[in-house]
Amino acid sequence: MVRNPYVKVWLHVGDKKVEKRKSMVFKCNLNPIFDEKFEYTLPVEQLREAALEVMVMDFDNIGRNELIGKITISWS
């Protein structure tokens, strides 16, 4: 099985998806090392409502990209 993984990171504030960042795609790599930094600007008052949804995706030229795994990181 050939995988072309990349990471997609969504910033959520409350119930809203606010901003998305994506890593580079690692072509034909089953063991990638994601060493990228994503920065978001957010007012301090919104930090407790904020969460990051981190998804590892498999890039596909034909059709939809496949979700490999995900985690949500929040204050709670």
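Residues numbered from 1 in each chain as written. Predicted model: local features only at pLDDT ≥ 70, side-chain atom pairs only at ≥ 80, totals over all residues. Heavy atoms only, no water.

Within an unreviewed UniProt entry, the label attached to the protein chain reads Synaptotagmin-7, and the organism entered is Aphis craccivora.

Caption draft 1: Just the overall build of the protein chain, in detail. Regarding its fold elements, the protein chain presents 0 helices and 4 strands. Each helix and strand of the protein chain, placed in order from N terminus to C terminus, yields the pattern β-β-β-β. A burial count over the protein chain gives 26% of its 76 residues as buried. Of all intrachain contacts in the protein chain linking residues separated by at least 6 positions in sequence, the fraction that spans at least 24 positions is 47%. Accessible surface computed for the protein chain: about 6000 Å², of which carbon and sulfur atoms make up 53%. (Helix = DSSP H or I, 4+ residues; strand = E, 2+ residues; numbered from the N terminus. Buried < 20%, exposed > 50% of the residue type's maximum accessible area, 1.4 Å probe, protein only. Contact = heavy atoms within 4.5 Å. Areas by Shrake-Rupley, 256 points an atom, 1.4 Å probe, with all protein chains shown as cover.)

Caption draft 2: Fine view of the pairing of strand E3 (residues 50-58). Looking at chain direction, strand E1 (residues 5-13) and E3 are connected through 9 bridges and run antiparallel. The partner of valine 9 across the bridge, within E3, is valine 54. Bridging between E3 and strand E4 (residues 66-74) involves 8 bridges; their strand directions are antiparallel. Residue pairing in the sheet places valine 56 in a bridge with glycine 69 of E4. (Pairing = 2+ DSSP bridges.)

Caption draft 3: Summary view of the UniProt feature "domain: C2" (unreviewed entry) in the protein chain. According to UniProt, the "domain: C2" (unreviewed entry) feature falls on residues 1-76. Between the first and last C-alpha atoms of residues 1-76 the distance is 37 Å; the span itself is 0% helix and 45% strand. (UniProt positions renumbered as here; feature names shortened; annotations may be inferred.)

Caption draft 4: Representation of the packing of aromatic side chains in the model. Tallied over the full model, the rule gives 1 aromatic pair. Between phenylalanine 26 and phenylalanine 34, the aromatic rings sit 5.2 Å apart at their centres with planes inclined by 85 degrees, giving edge-to-face as the arrangement. Since its relative accessible area comes to 30%, phenylalanine 34 is described here as partly exposed. The residue whose ring lies beneath lysine 17 is tryptophan 10, and the NZ or CZ to ring-centre distance is 4.9 Å. (Phe/Tyr/Trp six-rings, centres within 6.5 Å; stacked < 30°, edge-to-face > 60°. Lys NZ or Arg CZ within 6 Å of the ring centre and 35° of its normal.)

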